Amino acid sequence: MAEIGGDINRARQVLESGGLVAIPTETVYGLAGNALNGEVVSKIFEAKNRPSFDPLIVHVSSIEQARAFVEEIPSQAEALATKHWPGPLTILLKRKSIIPDLVTSGLDTVAIRVPAHELTQNLLSLLDFPLAAPSANPFGYVSPTTAEHVNQQLGDQLDYILDGGPCIVGIESTIVSFESATPRVLRLGGLSIEAIETVIGRVEINLHSSSKPDAPGMLKSHYAPNTQILLVEDFHLELIGDTSRIGALVFNEYIEGLDLENQFVLSKSGDMNEAARRLFTGLRALDQREDIDTIVTALVPNQGLGRAINDRIKRATAK
Ligand code: TXA
Ligand code: MG
């Protein structure tokens, strides 16, 4: 288990000596290290057991700091970043060579984001390097939204966990590419399409689900619990037979005929932001129940953060 605390000076010390620190962000916890140090970056890949073809996001404290690592910021990217940084937005920009190849898996773009969390903001402003940080979960598993989630799975791989409380958005950042005339969203996330289009007009949504996609986090199966999980259109439990070992992840209403204790409601009031915030906690809670063998879930209304929730549910339930 790692040392956990809220001490940014301790986090700084570990990072400056080449160690790995879990950092809180508004989306999910990240597994962070010095993005400019290739050895540290390779430790990040190892700790997560992440394939080297899946590039990392570089976290900076401001758009000004971002300029040091990219060739240029196209005007639409600048408009979006100005409006939504700090926030759950990652933009892909042509990288400068100071960013190690390993960070971008050899691509000529680098993913950059300014996270909106006070502790991490303060930490970044103390450091004289940016932080490469994937989500702090073993590759392919559900992302962590509390320090405890991180400690349970990666505690042994980390030198320090900076505890900033539960993540308030709860779902990863939205990734936008500006390589073609119309911006392309490569990963749905904590910034809704509606919010993006309000600033820069129409965007294309181009989510991949192959084995070596443009944003490799878009692998067809990802964010998956260990317990078998099924995506259903309707909760016809009678088709399943014995329901005593079934758990359900539901949007706003309990399913009839299933023990309430076995059900995790994302938002009783049907609030999409609350549902996003609780999604990964719910998946983990059901996954950890030894008396549950199968989790059933259904899609939520496809609007606002509902699209990103549905994306995660589809990947969690993909074979
Ligand atoms: O909210 C988040 O984005 C969190 C927090 C910690 O910031 N981070 C996160 O990182 O979700 P990760 O590594 O789990 O997902 C990063 C995604 C991956 O799907 C990766 O393939 C994609 O970003 N990515 C990174 N660099 C890329 C690039 N140059 N081109 C295309 N996709 C890229
Ligand atoms: Mg991830």
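Conventions we followed
Residues numbered from 1 in each chain as written. Chains lettered and ligands numbered in written order. Predicted model: local features only at pLDDT ≥ 70, side-chain atom pairs only at ≥ 80, totals over all residues. Heavy atoms only, no water. Helix = DSSP H or I, 4+ residues; strand = E, 2+ residues; numbered from the N terminus. Contact = heavy atoms within 4.5 Å. Domains from an automatic or database assignment. Buried area = accessible area lost by both parts, 1.4 Å probe. Salt bridge = Lys/Arg side-chain N within 4 Å of Asp/Glu carboxyl O. Polar contact = N/O pair within 3.5 Å; in protein donor to acceptor, adjacent residues only side chain to side chain. Buried < 20%, exposed > 50% of the residue type's maximum accessible area, 1.4 Å probe, protein only. 1 Å grid on protein atoms, 1.4 Å probe; cavity = no way out; pocket = protein on both sides within 12 Å on 5 of 7 lines; lining within 4 Å. Points joined across faces, edges and corners; volume = space filled by probe spheres on them. Nonpolar A, V, L, I, M, F, W, Y, C, P; charged D, E, K, R; others polar.

1. Considerations on the side chain of Thr104
Here is step 1: With respect to the helices and strands, the residue Thr104 is situated in helix α5 (residues 101-104).
Here is step 2: Setting aside residues no more than four positions away along its own chain, Thr104 makes contact with Pro55, Arg95, Ile99, Thr109 and Val110.

2. Topic: the domain arrangement of the chain
Here is step 1: One can read the domain layout of the chain as domain 1 (4-205) and domain 2 (228-317).
Here is step 2: If you average the C-alpha positions of domain 1 and of domain 2, the two centres end up 28 Å apart.
Here is step 3: Contacts between the two partners involve 25 residues from domain 1 and, on the opposite side, 18 residues from domain 2.
Here is step 4: With both sides pooled, the region where domain 1 packs onto domain 2 buries about 1,600 Å², and carbon together with sulfur makes up 53% of that total.
Here is step 5: Counting the surface domain 1 buries against domain 2, the share from its top three residues, Val142, Ile171 and Leu188, is 31%.
Here is step 6: Along the contact surface separating domain 1 from domain 2 lie 1 salt bridge.
Here is step 7: Arg312 is paired through a salt bridge with Glu172; the nearest N and O atoms lie 2.9 Å apart.
Here is step 8: Joining domain 1 to domain 2, the criterion identifies 10 residue pairs in polar contact (both at pLDDT 80 or more).
Here is step 9: Residue assignment for the side of domain 1 that touches domain 2 shows that the elements contributing at least two residues are α7 (147-154) and α8 (193-200).
Here is step 10: Among the elements that make up the side of domain 1 that touches domain 2, the one with the highest residue count is α7 (3 residues).

3. Structural notes on unusual backbone geometry
Here is step 1: With an omega of -10°, the peptide bond between Trp85 and Pro86 qualifies as cis.
Here is step 2: Tracing the chain through its elements places Pro86 in the loop between α4 (75-84) and β5 (89-94).
Here is step 3: Phi is positive for Asn49, which is not a glycine, with a value near 60°.
Here is step 4: The topology assignment puts Asn49 in the loop between α2 (38-48) and β4 (57-59).
Here is step 5: Phi angles above zero are rare outside glycine, and Ser105 is one such case at about 50°.
Here is step 6: Relative to the elements of secondary structure, Ser105 occurs in the loop between α5 and β6 (109-113).
Here is step 7: Relative accessible area serves as the criterion here: at 25%, Ser105 is assigned to the partly exposed category.

4. A few points about empty space enclosed by the protein
To locate leftover empty space, one rolls a probe as large as a water molecule over the atoms.
Here is step 1: In the structure shown here, the tally under the stated rule is 1 cavity of 30 Å³ or more.
Here is step 2: Empty space within the largest cavity amounts to approximately 50 Å³.
Here is step 3: Around the largest cavity, the lining residues are Thr174, Leu188, Gly189, Leu191, Ser192, Ile193, Gly304, Leu305, Arg307 and Ala308.
Here is step 4: Classifying every residue of the lining of the largest cavity by side-chain character gives 5 nonpolar, 4 polar and 1 charged.
Here is step 5: Split by domain, the residues of the lining of the largest cavity number at least three in each of domain 1 (4-205) and domain 2 (228-317).

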